[in-house]
Each structure stands twice: as structure tokens, then as C-alpha cells.
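# What the coordinates show
Below, each chain spelled out in residue letters.
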Amino acid sequence: MSLTWLAGAGILALASCVFGLAGFGLGLVALALLPFLMPPTLAVPLVSLYSAVFGLVLTLQLRRDLMAAPLAALLSGALVGTPVGVWGLATLPASWLRRLIGGILMGVVLIEWRGLYPRTVSGRSWGVAAGAVSGLLGGAIGTPGPPVMLYAAAQGWPPRAMKATLQGFLFANQLVILVSQWWAGLLTPEVAWLALGFAPPAVLGVALGMHLFRAVDHVRLRRVVFALLFVLGLTLCLRG
């Protein structure tokens, strides 16, 4: 058992624990750290597989609260943006992708810290645009969440409907991402073996996060997670 495997297992356990606690952050945390151990062409498909599995579980739990029309608008945009993002993942130099991941992480944190969430955005075209940008980022660097979260925050949806629709989109978008990755030749046997090997720590991380849900100060946890993401994003940008 190598130190690299142990580090990867720890990263995925941590990212999955954050996901179990907060309902978000799997891709953000995992892809802030995994590029230090492996190229993005391995890290992104690996995280996409776990995101799809965990997203399916949450979507099934919240299926009664899904809103069909907004979900359709988001997915129509994602169908356009995702293949372009996967093409970028397959063709761009690894250093560019690491810097892109770092830049997106820092941007997400600055939006959180400065409270730069849009107040009101309405209309199907905004949903399609948010889905397209999410698909682009999800395909390229495995983090489709930020654009659709910003869009959803400006809709005034009830909390449970918002969570259900976001999870439904993220799950469906991960399926599109996986198909595009398979088409581009990125879902390799090496990725499959990594996914199987890291499955136990990832599942344990989710279970631990769900178990600790009621015992954790979620406001403080959110601050710590975003501070860590900013530092890691800056490091990725500088190291490339």
C-alpha cells in the first residue's frame, strides 16, 4: 500500500465527509487536492464517477420535489457545454487545467466571502446559460456546481425544491459528463480501478459526514471549508 494511495484515500474520505455533512463540496474538495497526486485526466473522471453515484442517492430521496421546467432548461444548456468541457480536459495541458481548477476555486470562495450572489434572475434563457456554463466546467474540471447554484439562489424557490432540482441537475449532468468522457477515451481501466480501490474510504466518509450532521456547527464548517479551498486554489494557480 503506497503513500500515494493512502493520500488519495484520505482526500476522497475527507471530500465525501464534507459532502455528507453539507450536501455539497465533493468535487470542490477532492479536485482541490487530487491534482497534486495525479493528472486532471485521471482525477476529474474519478470524481465524476463518485459524484454520479452519490448524486443518484440524493436525487432519489428528493425526487418528489423536483421542478421539471427549470431542470429541463438547465439540462438543455448542459448538453451543449459538457462536450466542449470534456474536449478541453482531453486536449489542454495538465498545468493549464490545474490553474483553471485553482482559479475557479478562488472565484467560488470570493463570491461566498463577498456575498456576490445575484438577487433576481428569471427566464428560461438564464437557466439554459447557467446549465451550459456548468456543463463546460463540469466537463473540463469536474466542478459543475457553482453556476447553477448562483442561478438557483436568485430564483426564490422553496429550500427543498431548490435542493431537489439542483441535485437532479447535478446527477443528470454527471451522466452526460461520463458519457462524454467515455467518448473522449478518458474513462480508462486505470480510472475504473482507482474508483474501486477508493470506494471504501469514500463511502465511509459519506457515512461519517451524515452521522456527524447534527453535531457540527455548519456555519463554522462552511467557513473552514471555504478558507481551505481558497488556499488550495491559490496553490494550484501558483504551481500549475
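The structure this text deals with has already been given above.
The present account deals with the structure reproduced in this document. Here the structure is a predicted model, which is why all the values come from computation and not from measurement.

## Observations regarding a nonpolar patch on the surface
- Together, Val-179, Trp-182 and Trp-183 line one region of the surface with nonpolar side chains, adding up to about 460 Å² of accessible area.
- With respect to the secondary-structure elements, Trp-182 resides in helix α8 (residues 159-183).

## So, the packing of aromatic side chains
- Tallying each qualifying case throughout the model produces five aromatic pairs.
- When the ring of Trp-5 is compared with that of Phe-198, the centres are 5.6 Å apart and the planes differ by 25°; the resulting orientation is stacked. Here Phe-198 lies in helix α9 (residues 189-211) and Trp-5 lies in helix α1 (residues 3-22), a separation of 193 residues in the sequence.
- Residue classification places Trp-5 among the partly exposed positions, given a relative accessible area of 30%.

## Remarks on the nonpolar core
- In terms of nonpolar packing, the biggest core is built from 45 residues, with Leu-12, Leu-34, Leu-46, Tyr-50, Phe-54, Leu-105 and Leu-229 touching the most fellow members.
- For this core, the secondary structure elements donating two or more residues are α1, α2 (26-33), α3 (40-62), α4 (68-91), α5 (94-114), α6 (124-141), α9 and α10 (218-239).
- For this core, the element with the most residues is α3, which contributes eight residues.
- Dropping the residues within four chain positions of it, Leu-12 is found in contact with Ala-30, Leu-34, Leu-46, Tyr-50, Phe-198 and Ala-202.
- Among the nonpolar cores identified, the runner-up in size contains 11 residues, and Leu-74, Val-148, Ala-152 and Leu-166 belong to it.

## Observations concerning the side chain of Gln-181
- You can see Gln-181 is positioned in helix α8.
- Filtering out sequence-adjacent residues up to four positions away, Gln-181 remains in contact with Val-44, Pro-45, Ser-48, Val-86, Leu-89, Leu-186 and Leu-187.

## Remarks on the packing of α5 against α6
- Running from N to C, α5 and α6 cross one another at 135°; their axes reach a closest spacing of 10 Å. As summarised for this structure, α5 and α6 are arranged oblique, according to the angle between their axes. Along this stretch, α5 crosses α6, giving a crossing that reads as left-handed. Touching Leu-97, Leu-100, Ile-101 and Ile-104 of α5 are Leu-137, Ala-140 and Ile-141, all from α6.
- For the contact of α5 with α6, the class distribution of residues is seven nonpolar, no polar and no charged.

## Describing α5
- Here α5 contains 21 residues, and its C-alpha end-to-end distance of 30 Å stays within 8% of the 30 Å for a straight helix at 1.5 Å per residue.
- Among the residues of α5, Leu-97, Arg-98, Ile-101, Gly-102, Leu-105, Met-106, Val-108, Val-109 and Glu-112 are the ones counted as buried.
- Where α5 terminates, the next one or two residues include Gly-115, which has phi positive at roughly 65°.

Reading the values: the criteria
- Residues numbered from 1 in each chain as written.
- Predicted model: local features only at pLDDT ≥ 70, side-chain atom pairs only at ≥ 80, totals over all residues.
- Heavy atoms only, no water.
- Patch = residues over 30% accessible without salt bridge, like charges linked within 9 Å, V, L, I, M, F, W, Y side chains within 5 Å.
- Areas by Shrake-Rupley, 256 points an atom, 1.4 Å probe, with all protein chains shown as cover.
- Salt bridge = Lys/Arg side-chain N within 4 Å of Asp/Glu carboxyl O.
- Helix = DSSP H or I, 4+ residues; strand = E, 2+ residues; numbered from the N terminus.
- Phe/Tyr/Trp six-rings, centres within 6.5 Å; stacked < 30°, edge-to-face > 60°.
- Buried < 20%, exposed > 50% of the residue type's maximum accessible area, 1.4 Å probe, protein only.
- Core = buried A, V, L, I, M, F, W, Y, C linked by side-chain atoms within 4.5 Å.
- Contact = heavy atoms within 4.5 Å.
- Axes fitted to C-alpha atoms, helices over the stretch in contact; angles between N-to-C directions.
- Parallel < 35°, antiparallel > 145°, perpendicular 65-115°, else oblique.
- Left-handed = near helix turned anticlockwise from the far one by under 90°.
- Nonpolar A, V, L, I, M, F, W, Y, C, P; charged D, E, K, R; others polar.
- Expected span 1.5 Å × (residues − 1).

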